[in-house]
Amino acid sequence: VQLVESGGGLVEPGGSLRLSCAASGFTFSYYAMNWHRQAPGKERELVAGISSVGGITNYADSVKGRFTISRDNAKNTVFLQMNSLKPEDTAVYYCVARGRAYVYWGQGTQVTVFS
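Residues numbered from 1 in each chain as written. Predicted model: local features only at pLDDT ≥ 70, side-chain atom pairs only at ≥ 80, totals over all residues. Heavy atoms only, no water.

Asks: Account for the overall build of the protein, with residues named and values stated.
Replies: Regarding its fold elements, the protein presents zero helices and 11 strands. Reading the protein from its N end, one meets helices and strands in the order β-β-β-β-β-β-β-β-β-β-β. Taking 115 residues into account, the globule formula puts the C-alpha radius of gyration at 13 Å, and the protein, at 13 Å, falls close to it. Taking the principal axes of the C-alpha coordinates as reference, the protein spans close to 40 × 25 × 25 Å. Counting every position in the protein, which comprises 115 residues, the buried fraction comes to 43%. (Helix = DSSP H or I, 4+ residues; strand = E, 2+ residues; numbered from the N terminus. Rg over C-alpha atoms; globule rule 2.2 N^0.38 Å. Buried < 20%, exposed > 50% of the residue type's maximum accessible area, 1.4 Å probe, protein only.)

In structure tokens:
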């Protein structure tokens, strides 16, 4: 099983980034997918989630209206479009696959919003 995140980097406040997570080794379409993040000195938090077929999404209040989660089951990939980024969005972002019996985590990608 592999979850490989990409797309992180440095961006100025107000900027945008698009994170991708490529999945392999399991039946991607059976799993709900989440993005979590962890900032230095803080607990890991759920940022956004999407159901297995993409019909249901949910977001942390802190990112509603700015972030959009989506998935392409044909490409086994989940995305997180992040707009209007703020310094408080700085964190390591993790892709998570949640099935009925198993939960898989990616290695994370760093997002840094600096002014």
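Asks: Please provide a residue-by-residue account of the nonpolar core, values included.
Replies: Judged by nonpolar contacts, the single largest core of 30 residues is most densely connected at Leu3, Met33, Trp35, Val78, Leu80, Met82 and Tyr93. Among the elements of the structure, strand S3 (17-24), strand S4 (32-38), strand S5 (45-50), strand S7 (67-72), strand S8 (77-82), strand S9 (91-98) and strand S11 (109-113) are those that each provide at least two residues to this core. With near-sequence residues (within four places) excluded, Met82 lies in contact with Gly15, Ser16, Leu17, Leu19, Arg66, Phe67, Tyr93 and Val111. (Core = buried A, V, L, I, M, F, W, Y, C linked by side-chain atoms within 4.5 Å. Contact = heavy atoms within 4.5 Å.)

Asks: I'd like to hear about the packing of aromatic side chains, residue by residue, with values.
Replies: On inspection of all chains with the given rule, the structure shows six aromatic pairs. Aromatic side chains Phe26 and Tyr31 sit 4.8 Å apart centroid to centroid with 70° between the ring planes, which places their arrangement in the edge-to-face category. Under the relative-accessibility criterion, Phe26 is labelled buried at 13%. Overall, the relative accessible area of 10% leaves Tyr31 in the buried class. Centroid distance Tyr102 to Tyr104: 6.1 Å. Interplanar angle 5°. Geometry classified as stacked. An aromatic cluster of three or more residues is present, and its members are Phe26, Phe28, Tyr31, Tyr102 and Tyr104. Directly above the ring of Phe28 sits Arg71, whose terminal nitrogen or CZ lies 4.4 Å from the centroid. (Phe/Tyr/Trp six-rings, centres within 6.5 Å; stacked < 30°, edge-to-face > 60°. Lys NZ or Arg CZ within 6 Å of the ring centre and 35° of its normal.)

Asks: Got a sec to walk through the pattern of salt bridges? Specific residues and values, please.
Replies: Per the stated rule, a full pass over the model turns up four salt bridges. A salt bridge links Asp89 to Arg37; the nearest nitrogen and oxygen atoms lie 3.0 Å apart. Residue Asp89 is found in the loop between S8 and S9, and its partner Arg37 is found in strand S4; the two are separated by 52 residues along the sequence. The exposure classification of Asp89 matches that of Arg37, with both residues buried. Between Arg66 and Asp89 there is a salt bridge, and its shortest N-O distance comes to 2.7 Å. (Salt bridge = Lys/Arg side-chain N within 4 Å of Asp/Glu carboxyl O.)

Asks: Describe in detail the sheet that holds S7, supporting the description with residues and values.
Replies: What holds strands together in a sheet is hydrogen bonding between their backbones, with the strands either parallel or antiparallel. What the four strands build is an open sheet, ordered S1-S3-S8-S7; its pairing is antiparallel. Two strands bound the open sheet, and with one partner strand each, they are strand S1 (2-6) and S7. Taken over all neighbouring pairs, the strand axes of this sheet differ in orientation by 15° on average, direction set aside. Looking at chain direction, S1 and S3 are connected through five bridges and run antiparallel. Looking across to S3, one finds that Gln2 is bridged to Ser24. (Pairing = 2+ DSSP bridges. Axes fitted to C-alpha atoms, helices over the stretch in contact; angles between N-to-C directions.)

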